[in-house]
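Reading the structure
These are the residues of each chain, in order.
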Amino acid sequence: MEHTISVTSQAERKVTDTKSLPFGKIPTEHMFIAEYKNGEWQNAQVVPFHDLTLSPLALCLHYGQTVFEGMKAFMMEDGHINIFRADKHYDRFTKSLHRMCMPQVPEKLFIDAIKQLVLLDADWVPKEADGSLYIRPFMIATEDRIGVKVSDEYLFMVVCSPAFQYYAKPLKVKVETNFVRAAEGGTGSAKCGGNYGGAFYPTQLAREAGYDQVLWTDSVHNEFIEESGTMNAMFFIDNVLVTPQLSGTILDGVTRDSLLAIAEAKGMTIEVRQISYAELITAFEAGKRVEAFGAGTAAVVAPIEIIAIGHKEYKCYIEPDAMMYQLQKELFNIRRGLTADTFKWNYVI
Ligand code: COI
């Protein structure tokens, strides 16, 4: 079924100095909203950004039936706007919705909603090289009923916010062996709200101990690296790119996937496999060059400077000639239209 999106725009709100604000703090002028009722999507609209009215009984408030995506639009060199890998984000959104028993959004509705919103708020796409427009599609269960059940009603929304560097400096991370982010069979590979809320407490403890993020380990042995905070974890050990394989406990990161493809095209040696923290210790103690970084939409490539394992801190290689910066640069060039988009990742609007 075709969905018509109505557009109501408002008098232009001045684009302020968005660079000085924390990530995600300022929304653009408009948002997209559609309602799911009686088994179908309806009232698809791009409207001025506004607060929601929600029943205190809304199921999402009690049982966490929520799913979201994190995407980015870039200002290209030629002045066009590029929504990066919109199709891959749609696929992941679809998988997350399925895991959380939420209704699918037709691909055309998802893409058109984002396209119309971004075009209307085009002035909010930063022109600076380190800027982008962060796009947050999300769905919440809105049926007003406190009984534990799958909701019959939902809102699908998209909001945007100008984004700059997520982490101001290289990270200090702590290998986490007491708490786990996800267990096999759980929701770890879905981008659902609960995965993030559940990570707050261990992350807060790590911050109190002087670290920026945790490096999660697996739930069975607490030995194998999973993800870091809100990012996939990647390493170069003596110039070999190593990253954990996807599983039910790891998010299928779009940045991770993009960096792997770029590395392959550059002829780098890649190993997608389990990596234990013991292997990292061995590499550090053998004097190997270890690069570590987080990969994510918001963080892009976030260099890790220190990895704490138990009571010992190990120093990673973050000098300008590190391999991770080659991947970062190529990704930047593709998204900005400075290098040919041979992977067909750019959705130029
Ligand atoms: C992203 O990188 O897009 C994320 O969703 C992580 C975080 C901002 C929640």
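Residues numbered from 1 in each chain as written. Predicted model: local features only at pLDDT ≥ 70, side-chain atom pairs only at ≥ 80, totals over all residues. Heavy atoms only, no water.

1. Here we look at the overall build of the chain
A count of helical and extended segments in the chain gives eight helices and 18 strands. Computed over the C-alpha atoms, the radius of gyration of the chain is 21 Å, within 12% of the 20 Å expected from 2.2 N^0.38 for a compact globule of 349 residues. Dimensions along the principal axes, computed over C-alpha positions, put the chain at roughly 60 × 50 × 35 Å. Scored against the burial criterion, the 349 residues of the chain give a buried share of 51%. Restricting to contacts in the chain with at least 6 residues of sequence separation, those with at least 24 account for 69%. Accessible area for the chain stands at about 15,900 Å²; split by element, carbon and sulfur atoms hold 52% of it. (Helix = DSSP H or I, 4+ residues; strand = E, 2+ residues; numbered from the N terminus. Rg over C-alpha atoms; globule rule 2.2 N^0.38 Å. Buried < 20%, exposed > 50% of the residue type's maximum accessible area, 1.4 Å probe, protein only. Contact = heavy atoms within 4.5 Å. Areas by Shrake-Rupley, 256 points an atom, 1.4 Å probe, with all protein chains shown as cover.)

2. Re the site of the ligand
All residues adjacent to the ligand are Phe-23, Phe-68, Gly-70, Tyr-134, Arg-136, Tyr-166, Lys-191, Tyr-196, Thr-230, Thr-297 and Ala-298. The separation between an oxygen atom of the ligand and a polar main-chain atom of Thr-297 is 3.4 Å. In this structure, Ala-298 approaches the ligand through a main-chain N or O atom, which is 2.9 Å from an oxygen atom. Alone, the ligand offers 280 Å² of accessible surface; in the complex the protein occludes 90% of this. The residue inventory of the shell around the ligand, partitioned by class, reads six nonpolar, three polar and two charged. Of the residues that make up the shell around the ligand, three or more belong to each of domain 1 (6–164) and domain 2 (171–336). (Near = heavy atom within 4 Å. Polar contact = N/O pair within 3.5 Å; in protein donor to acceptor, adjacent residues only side chain to side chain. Nonpolar A, V, L, I, M, F, W, Y, C, P; charged D, E, K, R; others polar. Domains from an automatic or database assignment.)

3. Let's talk about the domain arrangement of the chain
Partitioning the chain into structural domains gives domain 1 (6–164) and domain 2 (171–336). On a C-alpha basis, the centroid separation for the pair domain 1 and domain 2 is 27 Å. Opposite the 25 residues of domain 1 that make contact, domain 2 presents 21 residues. Both sides together, the interface formed by domain 1 and domain 2 hides about 2,100 Å², and carbon and sulfur atoms give 55% of it. Three residues stand out in domain 1 for area buried against domain 2, namely Phe-68, Phe-84 and Arg-92, and they jointly supply 28% of the buried area on that side. (Buried area = accessible area lost by both parts, 1.4 Å probe.)

4. Observations concerning helix H5 (residues 200–208)
Along H5, the residues that are buried comprise Pro-202, Thr-203 and Ala-206. Each buried residue of H5 sits inside an arc of 100 degrees when the element is viewed along its axis, so together they form one side. Counted as exposed and oriented over 90 degrees from the buried face of H5: Phe-200 and Glu-208. In the core, the buried residues of H5 are packed alongside strand S9 (171–176) and strand S10 (213–217). (Arc of directions from axis to C-beta.)

5. With respect to the pattern of salt bridges
Applying the stated rule across the entire model yields 15 salt bridges. Here Asp-252 and Lys-88 are joined by a salt bridge, their closest N and O atoms 3.4 Å apart. Separated by 164 residues along the polypeptide, Asp-252 in the loop between strand S13 (240–243) and helix H6 (254–265) and Lys-88 in helix H2 (residues 86–99) bring together distant segments of the chain. Taking the relative accessible area as the measure of exposure, Asp-252 reaches 21% and is therefore partly exposed. (Salt bridge = Lys/Arg side-chain N within 4 Å of Asp/Glu carboxyl O.)

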